[in-house]
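# Structural description and commentary
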Amino acid sequence: MTATLVAHALAGGYDHRTLFDGLELTVAPGDVVGVVGVNGAGKSTLLRILAGRLEPQAGTVQLAPPDAFVGYLPQEHERVAGESIAAYLARRTGCTDATAGMERTLEALGDGGDDRANDAYAAALDRWLASGAADLDERIPVVLAELGGAELDADAHMTSLSGGQAARVGLAALLLSRFDLVLLDEPTNDLDLDGLERLETFVTVQRGGVVLVSHDREFLARTVTRVLELDLAQHANRVYGGGYESYLEERATARRHAREAYEEYAEQRADLVGRARTQREWSSKGVRNAMRKSPDNDKIRRRAATASSEKQAQKVRQMESRIARLEEVEEPRKEWRLQFSIGSAPRSSGVVSTLDAAIVRQGDFTLGPVSLQVDAGDRIGITGPNGAGKSTLLRLLLGRTTPDEGRASVGASVAIGEVDQARALFAGSTSLIERMGELVPDLAAEPLRTLLAKFGLGADHVHRAAGALSPGERTRAAMALLQARGVNVLVLDEPTNHLDLEAIEQLEQALDAYEGTLLLVTHDRRMLEAVRLDRAIRVEAGRVVES
């Protein structure tokens, strides 16, 4: 079955705040629509509305046919305690719901149902077959083996998986699904290059429509056919035809034209207002001079002065009329931009970290032996598949893991700043402002509030539990921490996950200005090209190779 989704006059937000309104979008089979905008613009809200998980504030969402099978992959993997990988995949592919629906109608049929019960069972059976539930158990091991080898066991619990493993299981859910239309919220997060290529293939060959939110610029450039921009600054939304690169060019042109139109209007209005002011001054000055120079009995000169004054007043009225007739052009609002810098600490010792034939064993996995030296000022990019040992290597280099064999040492005066993959510093029920106070005890609450506001974390964020913030908000809090604390060794593990495009570009600029040691783990292909690096390390199957 193929499906078409039509959103008409759609408005969405939360509480009493409207994030977008008047949104028009049609998604036909074969369309791949990329939704972009700053964090907080309503991208996830829009996907939840399109998926039927959230009621719109206004407008409608219609599917043709109405019983089309719509799949929705949220930004964070929904891990349920005690749920196995197989059960998760059945739930995420819609097979669990389809099976439950069929069983309910079958029970009603067994109780001596009428024609309506027969029809309900037939419809439920069709949906069960369409979901792929009939052979899901046979397909799961094959897909898991392709994506993760032996480490992804269908009986393992989802809560036991790393971020990268959970990302691959989420990808498996997509590959196993048989949806008519797919809604994907940040599907590239935590995926390695192999996973990204598989995801790109899935999206581009998908026969149904796809709506996706992503901040991976290369992924967007390779997949989307249209771009829907949610512009929070202008409180507007617009669909751009063509791919991502075309969108960037067209958006830049549109913004330049909008700025030029406003400047032309503002210049013309200022000129007319200035001329009207001059005419008023001339009129007023002429009356005063006439009164001062003319004797009271000189009626002819008084009449002439009055006529001249009225003439000047008429010119003023004409000028004001021209001002009123000007077609007003609203000034384009300046977008909020993250002004980010990384606090610097005094230089560390010449050698930051040394590994000498270091080996770490974790169950069946072994990293090493690794011999590696990181010098002060080194800028190292670290890549490799999920599960290859990148995080273990980082822990070794930072002195957080003791090798089972060999030696590992960390230099003197090393001040580490880290954005870890899980954003673990900002978790739990402690409020954001309290957590920042714990991490930066030398700063009072008011300067911390000011700092967080620079990162888009305002009054409605600081008193919320840190763990209740969105992934993007937790990432920006981690970046604020980097600015507040001086560092000379910066460790970034998938820093672009959950960051919007503007913030990613700001991070790249801050990294360009940063002079300390950098350890960057990322699968973001454009970031690897944009950030200045002088060493490249690849980790694969527990082996570390420098190229």
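Residues numbered from 1 in each chain as written. Predicted model: local features only at pLDDT ≥ 70, side-chain atom pairs only at ≥ 80, totals over all residues. Heavy atoms only, no water.

### Focus: the sheet that holds strand E17 (residues 535–540)
Strand order in the open sheet made by the six strands is E14-E15-E16-E12-E17-E18, with mixed pairing throughout. Looking at the sheet topology across the chains shown, the edges are occupied by strand E14 (416–419) and strand E18 (543–546). When the angles between neighbouring strand axes are averaged without regard to direction, this sheet yields 15°. Across the sheet, helix H11 (residues 390–397) lies against strand E12 (379–383), strand E15 (489–493), strand E16 (517–521), E17 and E18, angled at about 160° from E16, the strand it touches most. (Pairing = 2+ DSSP bridges. Helix = DSSP H or I, 4+ residues; strand = E, 2+ residues; numbered from the N terminus. Axes fitted to C-alpha atoms, helices over the stretch in contact; angles between N-to-C directions. Contact = heavy atoms within 4.5 Å.)

### Notes on the sheet that holds strand E8 (residues 226–231)
In spatial order, the strands read E5-E6-E7-E3-E8-E9; together these six strands make up an open sheet with mixed pairing. Lying at the two open borders of the sheet, with one neighbouring strand each, are strand E5 (70–73) and strand E9 (236–241). Across the sheet, the mean angle separating the axes of adjacent strands is 15° when strand polarity is ignored. Judged from the four bridges that link them, E5 and strand E6 (residues 181–185) form a sheet pairing that is parallel. Within the sheet, the bridge partner assigned to Val70 lies in E6 and is Leu181. Taken strand by strand, helix H1 (residues 43–50) contacts strand E3 (32–36), E5, E6, strand E7 (209–213) and E8, and its axis lies near 155° from that of E6.

### Description of the side chain of Arg474
Along the chain, Arg474 falls in helix H15 (residues 471–484). Within the structure, the side chain of Arg474 is placed 2.7 Å from the backbone oxygen of Leu469, a separation counted as a polar contact. (Polar contact = N/O pair within 3.5 Å; in protein donor to acceptor, adjacent residues only side chain to side chain.)

### Quick notes on the packing of helix H2 (residues 85–92) against helix H6 (residues 163–176)
Between H2 and H6, whose axes approach to 9 Å, the crossing angle comes to 50°. When the axis of H2 is compared with that of H6, the two are oblique. In terms of crossing hand, the pair formed by H2 and H6 is right-handed. Counted together, Ile85, Tyr88, Leu89 and Arg92 of H2 and Val169, Gly170, Ala172, Ala173 and Leu176 of H6 form the full contact between these two elements. Looking at the contact of H2 with H6 residue by residue, the classes come out as seven nonpolar, one polar and one charged. (Parallel < 35°, antiparallel > 145°, perpendicular 65-115°, else oblique. Left-handed = near helix turned anticlockwise from the far one by under 90°. Nonpolar A, V, L, I, M, F, W, Y, C, P; charged D, E, K, R; others polar.)

### Focus: the layout of surface pockets
Approximately 1000 Å³ is the volume attributed to the second largest pocket. Lining the second largest pocket we find 50 residues, and of these Ser162, Gly163, Gly164, Asp190 and Gln421 sit closest to its centre. Breaking the lining of the second largest pocket down by element, the ones donating at least two residues are H6, H11 and H15. Sorting elements by how many residues they give to the lining of the second largest pocket places H6 first, with eight residues. A class-by-class count of the residues in the lining of the second largest pocket yields 18 nonpolar, 19 polar and 13 charged. Split by domain, the residues of the lining of the second largest pocket number at least three in each of domain 1 (1–69 + 181–242) and domain 3 (351–546). (1 Å grid on protein atoms, 1.4 Å probe; cavity = no way out; pocket = protein on both sides within 12 Å on 5 of 7 lines; lining within 4 Å. Points joined across faces, edges and corners; volume = space filled by probe spheres on them. Domains from an automatic or database assignment.)

### Observations concerning the confidence of the model for the chain
The predicted model of the chain averages 85 in pLDDT, with 91% of residues at 70 or higher. The least confident element of the chain is helix H10 (residues 299–325), whose mean pLDDT is 66; the most confident is E3, at 96. (pLDDT = per-residue confidence, 0-100.)

### Thoughts on the packing of aromatic side chains
The tally for this structure, following the rule as stated, stands at four aromatic pairs. With a centroid separation of 5.0 Å and 75° between ring planes, the pair formed by Tyr240 and Tyr247 is classed as edge-to-face. The exposure class assigned to Tyr247 is buried, which follows from its relative accessible area of 1%. (Phe/Tyr/Trp six-rings, centres within 6.5 Å; stacked < 30°, edge-to-face > 60°. Buried < 20%, exposed > 50% of the residue type's maximum accessible area, 1.4 Å probe, protein only.)

### So, the environment of Gly40
In this structure, Gly40 sits in the loop between E3 and H1. Residue class for Gly40 comes out partly exposed when judged on its relative accessible area of 43%. Counting along the chain gives 432 residues from Gly40 to Gly472, while the straight-line C-alpha distance between them is 8.9 Å. Contacts of Gly40, omitting those with residues within four sequence positions, involve Leu19 and Leu232.

### Description of empty space enclosed by the protein
Scanning all chains against the criterion turns up six cavities of 30 Å³ or more. Here the largest cavity defines a volume of roughly 120 Å³. What lines the largest cavity is a set of 15 residues, among which Thr188, Asn189, Asp216, Thr496 and Asn497 lie closest to the centre. Residues belonging to the lining of the largest cavity are distributed by class as follows: three nonpolar, seven polar and five charged. Per-domain counts for the lining of the largest cavity show at least three residues from each of domain 1 (1–69 + 181–242) and domain 3 (351–546).

### Digging into the pairing of E6
The element E6 is largely enclosed, with a buried count of five among its five residues. Residues of E6 alternate between two faces, with Leu181, Leu183 and Asp185 on one and Val182 and Leu184 on the opposite face, all of them buried. By the bridge criterion, five bridges tie E6 to E7 in an arrangement that is parallel. Bridged to Leu183 within E7 is Val211. In this region the chain leaves E6, passes through helix H7 (residues 193–205) and returns to the parallel neighbour E7; the handedness of that crossover is right-handed. (Right-handed = clockwise from strand over helix to strand, strands pointing away.)

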